[in-house]
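Notes for the structure review
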Amino acid sequence: MPIPPKLTAQQRAAALAKSTAARQVRAAIKSRVKSGGLSLSAVFDLAQGDEAIAKMRVVELLESFSGVGKVRAIAILDRLTISQTRRIQGLGIAQRKNLLREFPDRTSAGERGKLLVLSGPGGVGKSTVAKALRSKSSFWVSISATTRVARHNEVDGVDYFFYTEGEFENAVKSNLFLEWAEFAGNRYGTPRKPVEDALREGRNVLLEIEISGAKQVKQSAPEAILIFLQPPSWEELVSRLEGRGTDSPERRAARLALAQEELVQAGLFDLSIVNERVEEVVERLIGLTNKP
Ligand code: 5GP
């Protein structure tokens, strides 16, 4: 370990004052970002002329955007293969570009993002589409709360927020959900505030939810675009549900029965897309946000 330089009392006091001032600058930047007053590109610009901002950790900056938080900030960095310890000044050109795609500037004052609701029978591939959309575009994909037990490959705060029955009930009573529904014996809900914040910031939002929740969203937000994802065929859906090793046989049977009921409801949606190829579905969803 290198030996720290010997400092005089005066030098120590100066170093201390400098780090306190840097912390204050960073706190002010974070609070402006949090309130929506500063975009990511604006922070990058400011960092060019301010050492304190340039030395700020990227994870710290991202988690101050509303609706992001620590878990999500780390997940974004992982996905973009940016080290969790990276500072703004250490970001490469491609990394900056990817982050700016993720956190775009507001298009114009007051312009809201579009709200897309992706629904369809269980097993049709909604979550695969949502994941692909998240990695290929600047869509903000909502994380739902659920009372379901986590599957072995799921992470709290990334795939879902796993709630107890009591926690879920409290959130319902406090009107914290934009919509919620019971599905195959568990409850699922979309936390309201992060969705509203993201739309207000001009970001396009995707909800990946079951059908009765989608209908609730349309009632409270008629501008929402409801998309029904269709399987290429009924046989294909059966084989996907049967092959889902993460569910018990009883659960798979219940989901199959539900899927049959769900397919009938396609007509209530703004449009249907057949999930032949995930990339095509993703392109069509992105295309929907370009329409006036
Ligand atoms: P799974 O248990 O397989 O993750 O999800 C079961 C169903 O619940 C899927 O159809 C999924 O789209 C739906 N779902 C997930 N999150 C929500 C939510 O927040 N609200 C509603 N209404 N459905 C959800």
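Residues numbered from 1 in each chain as written. Predicted model: local features only at pLDDT ≥ 70, side-chain atom pairs only at ≥ 80, totals over all residues. Heavy atoms only, no water.

**A word on the overall build of the chain**
Counted only if it meets this: Helix and strand definitions here come from DSSP, where helices need a minimum of 4 consecutive H or I residues and strands a minimum of 2 consecutive E residues; each element is numbered from the N-terminal end. Buried means the residue's accessible area, taken with a 1.4 Å probe over protein chains only, is under 20% of the maximum for its type, while exposed means over 50%, and partly exposed covers the values in between. Surface accessibility follows the Shrake-Rupley procedure with a 1.4 Å probe radius. Residue values consider only the protein chains on display as shielding. By the counting rule applied here, Lys and Arg register as positive and Asp and Glu as negative, while His and the ends of each chain are not counted. The atom standing in for a charge is NZ when the residue is Lys, CZ when it is Arg, CG when it is Asp and CD when it is Glu.
Counting secondary structure elements, the chain contains 13 helices and nine strands. Dimensions along the principal axes, computed over C-alpha positions, put the chain at roughly 75 × 45 × 40 Å. Burial status across the chain gives 42% buried among its 292 residues. Carbon and sulfur atoms make up 54% of the accessible area of the chain, which amounts to about 15,500 Å² in all. Averaging the positions of the 43 positive and the 35 negative side-chain charges in the chain gives two centres separated by 9 Å.

**Section: the site of the ligand**
The condition is simple: Each residue is tested against the molecule or strand, and it is near if at least one of its non-hydrogen atoms lies within 4 Å. Counting of polar contacts relies on pairs of N or O atoms within 3.5 Å, with two restrictions inside protein: one atom must be capable of donating a hydrogen and the other of accepting it, and residues adjacent in sequence are counted only when both atoms are side-chain atoms.
As a matter of local geometry, the ligand sits amid 17 residues, with Ser144, Arg148, Tyr160, Tyr188 and Glu208 nearest to it. At 2.5 Å from an oxygen atom of the ligand is found a side-chain nitrogen or oxygen belonging to Tyr160. Measuring from a nitrogen atom of the ligand, one finds a side-chain N or O atom of Glu179 at 2.7 Å. Burial of the ligand by the surrounding chains reaches 95%, relative to a free accessible area of 510 Å². Of all the secondary structure elements, the ones that give two or more residues to the shell around the ligand are β5 (177-183) and β6 (186-191).

**A closer look at the side chain of Arg151**
The criterion, for reference: We call two residues in contact when some of their heavy atoms are within 4.5 Å.
Structurally, Arg151 is set in the loop between β3 (145-146) and β4 (161-162). Beyond its immediate chain neighbours, meaning those up to four positions away, Arg151 contacts Arg244, Thr246, Asp247 and Arg255.

**A look at the packing of helix α7 (residues 126-136) against helix α13 (residues 278-290)**
For the record, the criterion: Axes, fitted as lines to C-alpha atoms, cover a helix only where it is in contact. Angles between the N-to-C directions of the axes lie from 0 to 180 degrees. Angular relationships are summarised with four words: roughly parallel below 35 degrees, roughly antiparallel beyond 145, roughly perpendicular across 65 to 115, and oblique for the angles in between. By the definition used in this description, the sense in which the near helix is turned from the far one sets the handedness, with an anticlockwise turn below a right angle giving left-handed and a clockwise turn giving right-handed. Throughout this entry, Asp, Glu, Lys and Arg are counted as charged residues, while Ala, Val, Leu, Ile, Met, Phe, Trp, Tyr, Cys and Pro are counted as nonpolar. The remaining residues, Gly among them, count as polar.
Relative to each other, α7 and α13 sit at 60 degrees, their axes nearing to 9 Å. With respect to α13, the axis of α7 lies oblique. Crossing of α7 against α13: the hand is right-handed. Contacts from Thr128, Val129, Ala132, Leu133 and Lys136 in α7 reach Val278, Glu279, Val281, Val282, Leu285 and Ile286 in α13. Of the residues in the contact of α7 with α13, the class split is eight nonpolar, one polar and two charged.

**Some details on the packing of aromatic side chains**
Put simply, the rule is: Under the pairing criterion, centres of Phe, Tyr and Trp rings, with the six-membered ring standing for Trp, must be within 6.5 Å; the plane angle then separates stacked pairs below 30 degrees from edge-to-face pairs above 60, leaving the rest tilted. For a lysine, the NZ atom is tested; for an arginine, the CZ atom; a charge sits over a ring if that atom is within 6 Å of the ring centre and within 35 degrees of the ring normal.
Counted by the stated rule, this structure contains eight aromatic pairs. Ring geometry for Phe168 and Trp180: centres 6.0 Å apart, planes at 75 degrees, overall edge-to-face. Placement of Phe168 in helix α8 (residues 165-173) and of Trp180 in strand β5 is noted, with a sequence separation of 12 residues between them. Given the relative accessible area of 0%, Phe168 is considered buried. A residue is classified by how much of its surface remains accessible, and Trp180, at 30% relative accessible area, is partly exposed. One aromatic cluster in this structure is built from Tyr160, Phe162, Phe183 and Tyr188. Lying over the aromatic face of Phe44, Arg96 brings its terminal NZ or CZ to 4.8 Å of the ring centre. Looking at Arg203, its charged tip hangs above the ring of Phe103, at a distance of 5.1 Å from the centre.

**Quick word on the sheet that holds β6**
Condition: DSSP calls a pair of strands paired once it identifies at least 2 bridges connecting them.
One open sheet accounts for four strands, arranged β4-β3-β6-β5; its pairing is mixed. Strands with a single pairing partner mark the edges of an open sheet, and in this sheet they are β4 and β5. Pairing of β3 with β4, which is carried by two bridges, proceeds in the parallel orientation. Within β4, the position partnered with Ala145 by the bridge is Phe161.

**Section: the nonpolar core**
Stated formally: Residues grouped as a nonpolar core are buried Ala, Val, Leu, Ile, Met, Phe, Trp, Tyr and Cys residues, joined through side-chain atoms within 4.5 Å.
In terms of nonpolar packing, the biggest core is built from 25 residues, with Leu40, Val43, Leu61, Leu62, Ile88 and Leu99 touching the most fellow members. Secondary structure elements with two or more residues in this core: α1 (9-34), α2 (40-48), α3 (51-54), α4 (58-63) and α5 (69-79). Leu116, Val124, Ala259 and Leu271 belong to the second-largest nonpolar core, a separate cluster that totals 23 residues.

**Describing the domain arrangement of the chain**
Applied cut-off: Where each domain begins and ends is defined by an automated method or by a domain database. Summed over both partners, buried area is the accessible surface (1.4 Å probe) that two parts give up on being assembled. When a carboxyl oxygen of Asp or Glu is within 4 Å of a side-chain nitrogen of Lys or Arg, the pair counts as a salt bridge.
Once the domains are mapped, the chain shows domain 1 (18-108) and domain 2 (115-143 + 193-288). Taken over C-alpha atoms, the centre of domain 1 sits 31 Å from the centre of domain 2. In this complex, domain 1 contributes nine residues to the contact, which on the side of domain 2 involves 14 residues. On the domain 1 side of the interface with domain 2, the three residues burying the most area are Ser66, Arg72 and Arg101, jointly 44% of the side's total. Across the contact surface, domain 1 and domain 2 share zero salt bridges. Taken together, the connections running from domain 1 to domain 2 amount to four residue pairs in polar contact (both at pLDDT 80 or more).

**Some remarks on the sheet that holds strand β7 (residues 205-208)**
Strand order across the open sheet formed by five strands is β2-β7-β1-β8-β9, with parallel pairing between neighbours. Each of the sheet's edge strands pairs with one partner strand only, and the pair in question is β2 (140-141) and β9 (271-274). Looking at chain direction, strand β1 (residues 115-119) and β7 are connected through four bridges and run parallel. Residue pairing in the sheet places Leu115 in a bridge with Val205 of β7.

**Looking at a nonpolar patch on the surface**
Selection criterion: Patches in this entry comprise residues that are over 30% relatively accessible and not in a salt bridge; like charges within 9 Å are linked, as are nonpolar side chains (Val, Leu, Ile, Met, Phe, Trp, Tyr) within 5 Å.
A cluster of nonpolar residues, Val71, Val155 and Val158, forms a patch on the protein surface that exposes about 200 Å² of accessible area. Its place among the elements puts Val155 in the loop between β3 and β4. For Val155, a relative accessible area of 45% puts it in the partly exposed group.

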